[in-house]
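# Reading the structure
This is what each chain is made of:
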Amino acid sequence: MFTLENVFAGYGGTVILRDVSLALPSGSVAALLGPNGAGKTTLLRVASGLLRPTSGTMTFDGVDVTGARPHQLAARGVCHVPEGRAVFPSLTVRENLALSGRRGTEALEKAVGAFPRLGERLTQLAGTMSGGEQQMLALARAYVSNPDVMLLDEVSMGLAPKIVDEIFEFLGRVAREGASLLLVEQYVSRALALADFVYLLDRGQIVFRGEPSELDGDDVFAHYLGSEVGHTH
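One structure accompanies this document, and this report is about it. The numbers attached to residues start from 1 for each chain and follow its sequence in the written order. Per-residue local features of the predicted model are confined to residues with pLDDT of at least 70, and side-chain atom pairs are confined, for both listing and counting, to 80 or more; whole-chain, interface and lining totals are unaffected and use all residues. Computation of side-chain values: all heavy atoms of the structure, hydrogens and water removed.

## Let's talk about the pairing of strand E10 (residues 205-210)
For clarity, the threshold we go by: Any two strands between which DSSP finds at least two bridges are classified as paired. Helical segments are the DSSP runs of H or I of at least four residues, strand segments are the runs of E of at least two, and each set is numbered from the N terminus.
Bridge count for strand E9 (residues 197-202) against E10 is five bridges, and the pairing is antiparallel. Pairing of Leu201 across the sheet is with Ile206, part of E10. Hairpin connection from E9 to E10: two residues lie between these consecutive antiparallel strands, with Arg203 at a positive phi of about 50 degrees.

Quick look at the structure:
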C-alpha cells in the first residue's frame with residue numbers, strides 16, 4: 001500500500017496541494033484526473049520524492065517515507081516516469097536500459113518483450129528516435145527495474161493513436177504482473193478502462209474518490225474535468 005495522508009505541498013510561498021489523501025493498494029491501478037493546473041504533476045513529484053511536502057505523511061508498505069529522497073524511494077521500488085521523453089538522448093537504447101540498474105540479457109529481453117521495436121534500435125542514439133519510440137524506451141527502462149509502484153505522468157501525450165494503443169497495452173501488462181500504477185492521463189476513457197480507482201483533483205484538492213463505474217453519468221465528471229478533457233477518447 002502506498003499512501004499520501006493530509007499532504008500540503010507547493011513551490012516557494014505558493015500552496016499547490018491542500019490536504020490531499022490518496023491510497024494506492026498493492027497491485028492496483030488508480031487514475032488521477034483533473035483539469036490543467038489542478039496539481040496532478042505536483043502530486044506525482046511529491047510521491048516520487050522530487051518535492052518534499054510542507055506537511056502530511058507518505059507511507060509505503062506501512063513505513064513512513066515522508067521526505068525520502070528520490071533514490072531512496074526508487075530503491076524501495078517506486079518509479080516515476082515524468083511528462084516528456086525521459087531518456088538520455090546522447091546514449092544508445094542499450095545504454096539507456098543499462099542505466100535502469102538491471103544489466104545483461106535478462107533486462108534487454110524484458111524490454112524487447114514489452115516493446116519489440118526497441119530490439120531493432122539497441123545501438124541507435126535515443127535522441128534520434130521518434131517521440132513514440134523514446135516514450136517506449138522511457139517506459140521500458142522503468143519496467144526492467146521491476147518497480148512495485150509506477151507513477152506515470154501523461155505518458156501518451158503527443159503520440160500517434162497506434163503508439164497510444166501500444167502503450168496502454170503495455171500498462172495493462174504491467175498491472176497484470178502485479179505492479180501498482182498511479183496514472184495521470186489525458187485520455188480519460190482509456191485511463192478509466194484500466195483503473196480500479198479514480199481520484200479527481202481540482203485546485204489542489206481531492207474532490208472525488210471512488211471506482212470508475214461511479215462516474216458514469218455523474219455531473220462531477222464533466223464539472224471537474226471540463227468539456228475538453230472529458231470528451232477526449
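## Some thoughts on the side chain of Gln135
Applicable threshold: Between buried and exposed lies partly exposed: a residue is buried under 20% and exposed over 50% of the maximum accessible area for its type, with that area taken using a 1.4 Å probe on protein chains only. When checking whether two residues touch, look at their non-hydrogen atoms; a contact exists if any pair is within 4.5 Å.
Here Gln135 is to be found in helix H6 (residues 131-144). By relative accessible area, Gln135 is classed as buried at 0%. Setting aside its immediate chain neighbours within four residues, Gln135 contacts Val81, Gly84, Arg85, Glu154, Val155, Leu159 and Ile167.

## Examining the packing of H6 against helix H7 (residues 161-176)
Each pair of packed helices gets described by two things: the angle between the helix axes and the distance between those axes. Here is the rule we go by: Axis definition: a line fitted to C-alpha atoms, over the contacting stretch in the case of helices. Angles run 0 to 180 degrees between N-to-C directions. Orientation is classified from the angle alone, with under 35 degrees giving roughly parallel, over 145 giving roughly antiparallel, 65 to 115 giving roughly perpendicular, and any other angle giving oblique. Three residue categories are used. Nonpolar comprises Ala, Val, Leu, Ile, Met, Phe, Trp, Tyr, Cys and Pro, charged comprises Asp, Glu, Lys and Arg, and polar comprises the others, including Gly.
One way to put it is that H6 packs onto H7 with a least axis distance of 11 Å and a crossing angle of 5 degrees. Classified by the angle between their axes, H6 and H7 sit roughly parallel to one another. Here Gly132, Gln135, Met136, Leu139 and Tyr143 of H6 come into contact with H7, specifically with Ile163, Glu166, Ile167, Phe170, Arg173 and Val174. Residues that form the contact of H6 with H7 fall into these classes: seven nonpolar, two polar and two charged.

## A word on H6
Cut-off, in case you're wondering: The span one expects for a helix is its residue count, reduced by one, times 1.5 Å.
The first and last C-alpha atoms of H6 sit 20 Å apart over 14 residues, in line with the 20 Å expected at 1.5 Å per residue. Here H6 lies mainly inside the structure; 13 of its 14 residues are buried. Immediately downstream of H6, the backbone of Asn146 shows phi near 55 degrees, a positive value.

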